[in-house]
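Chain by chain, the residues run as shown.
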Amino acid sequence: MPHEAPKQVQHTQPTVEQFLDFMTRNKMNITAQRRRIAEAFFNYPGHHTLEEFYQHMQTLDPTIGQTTVYRTLKLLCAAGLATEIHFTDTVAHYEIVNAGSHHDHLTCVNCGKIVEVFDREIEQLQKSIAQRYDFTLLGHYHVLYGLCRECRTAQKEEDGELEEQMHSKLATQIK
Ligand SMILES: [Zn+2]
Ligand SMILES: [Zn+2]
């Protein structure tokens, strides 16, 4: 079997035009604020909570209220240009959806660090599971959570210290 060269995937950033298109198609009002929020969101990659993104928005335009930011993020999700991710906490994070680029997430339950991961086998496996149960797959939601190396090391040190304290306490009690 010939070795398959990795395909060059085109990562296409969503554009404000796509959002405006979606709004027009659904007969929704395109306000200057919504347009500005969409623009800011597309220019601010990462995983942000509403609060975080709102704080960022405040630095660009302090006249925009949090409700408007929230509603626009929801509209961006409905348009398929943003996605809402729930990690271990109840707060949703918002992220840009780049066409042709899919990834899942590994997250640390202690410090909240987020690592983007992609595994061809898992992707394939999800497709075959859907097929096996006769589902047309529209998407999936996959978050792996655990402890990152830094938090694991810190926890071990803390446990070690606790143990040491207990040992010396016992030692003084015995004396
Ligand atoms: Zn961590
Ligand atoms: Zn991500």
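Predicted model only: the values in this text are computed from it and were never measured.

Definitions and cut-offs
Residues numbered from 1 in each chain as written. Chains lettered and ligands numbered in written order. Predicted model: local features only at pLDDT ≥ 70, side-chain atom pairs only at ≥ 80, totals over all residues. Helix = DSSP H or I, 4+ residues; strand = E, 2+ residues; numbered from the N terminus. Buried ≥ 20, exposed ≤ 12 C-beta atoms within 10 Å, placed from the backbone. Contact = placed C-beta atoms within 7 Å. pLDDT = per-residue confidence, 0-100. Axes fitted to C-alpha atoms, helices over the stretch in contact; angles between N-to-C directions. Left-handed = near helix turned anticlockwise from the far one by under 90°. Nonpolar A, V, L, I, M, F, W, Y, C, P; charged D, E, K, R; others polar. Arc of directions from axis to C-beta. Pairing = 2+ DSSP bridges. Core = buried A, V, L, I, M, F, W, Y, C linked by C-beta atoms within 7 Å.

Colleague: Hey, could you run me through the overall build of the chain in this one?
Modeller: Within the chain, the regular secondary structure consists of 6 helices and 6 strands. Going through the 175 residues of the chain one by one, you find that 10% of them count as buried. When contacts within the chain are restricted to residue pairs at least 6 apart in sequence, those whose partners lie at least 24 apart make up 52%.

Colleague: Honestly, the confidence of the model for the chain in this entry has me stumped. Any pointers?
Modeller: Detailed reading of the predicted coordinates is not advisable wherever pLDDT is low. For the chain, the average pLDDT comes to 87, and 89% of its residues sit at 70 or higher. Within the chain, the lowest mean pLDDT, 78, falls on helix H6 (residues 149-174), and the highest, 97, falls on helix H3 (residues 50-60).

Colleague: Would you explain the packing of H3 against helix H4 (residues 66-78) in this entry?
Modeller: Each packed pair of helices is defined by two parameters, the angle between the axes and the distance between the axes. Between H3 and H4, whose axes approach to 10 Å, the crossing angle comes to 115 degrees. Here H3 and H4 pass one another in a crossing that is right-handed. Of H4, the residues touching H3 (which contributes Leu50, Phe53, Tyr54 and Met57) are Gln66, Val69, Tyr70 and Leu73. Of the residues belonging to the contact of H3 with H4, the class tally is 7 nonpolar, 1 polar and no charged.

Colleague: What exactly am I supposed to notice about helix H2 (residues 32-42) here?
Modeller: Two residues of an α-helix separated by three or four positions point the same way, owing to the 3.6 residues in each turn. Taken together, the buried positions of H2 are Arg34, Ile37, Ala38 and Phe41. Buried residues of H2, seen end-on, are gathered within an arc of 100 degrees and therefore sit on one face of the element.

Colleague: What is the right way to read the environment of Arg152 from this model?
Modeller: Here Arg152 lies in helix H6. Given 13 C-beta atoms within a 10 Å radius, Arg152 is considered partly exposed. Put simply, Arg152 and Asn110 are 42 residues apart on the chain and 9.1 Å apart in space, counted from C-alpha to C-alpha.

Colleague: So what exactly am I meant to see when it comes to the sheet that holds strand E4 (residues 104-108) here?
Modeller: Within a beta sheet, neighbouring strands are joined by backbone hydrogen bonds and run either parallel or antiparallel to one another. With respect to topology, 3 strands assemble into an open sheet ordered E5-E4-E6, the strand pairing being mixed. Only two strands of the sheet have a single neighbouring strand rather than two, namely strand E5 (114-117) and strand E6 (143-146). This sheet shows a mean twist of 20 degrees between the axes of neighbouring strands, independent of strand direction. Across 4 bridges, E4 lies against E6 in parallel orientation.

Colleague: Sorry if this is basic, but what is going on with the environment of Glu39 here?
Modeller: Mapped onto the elements, Glu39 comes out in helix H2. Assessed through the 14 C-beta atoms surrounding it within 10 Å, Glu39 is described here as partly exposed.

Colleague: Just to check I follow, could you spell out the nonpolar core for this structure?
Modeller: Among soluble globular proteins, nonpolar side chains are generally buried collectively. Counting residues in hydrophobic clusters, the biggest one holds 12 residues: Phe19, Ile37, Ala38, Phe41, Phe53, Met57, Val69, Leu73, Leu76, Leu81, Ala82 and Tyr94. Elements represented by at least two residues in this core include exactly H2, H3 and H4. Apart from residues lying up to four places away in sequence, Phe19 is in contact with Ala38, Leu76, Ala79 and Leu81.

Colleague: Mind showing me how you'd approach the sheet that holds strand E3 (residues 92-96) here?
Modeller: A sheet is described by the order of its strands in space; here 3 strands give the open sequence E1-E3-E2, paired in antiparallel fashion. If you trace the sheet from one side to the other, it starts and ends with strand E1 (48-49) and strand E2 (82-86), each paired once. Pairing analysis gives 2 bridges linking E1 to E3, with the strands arranged antiparallel. Bridge pairing in E3 links His48 to Tyr94.

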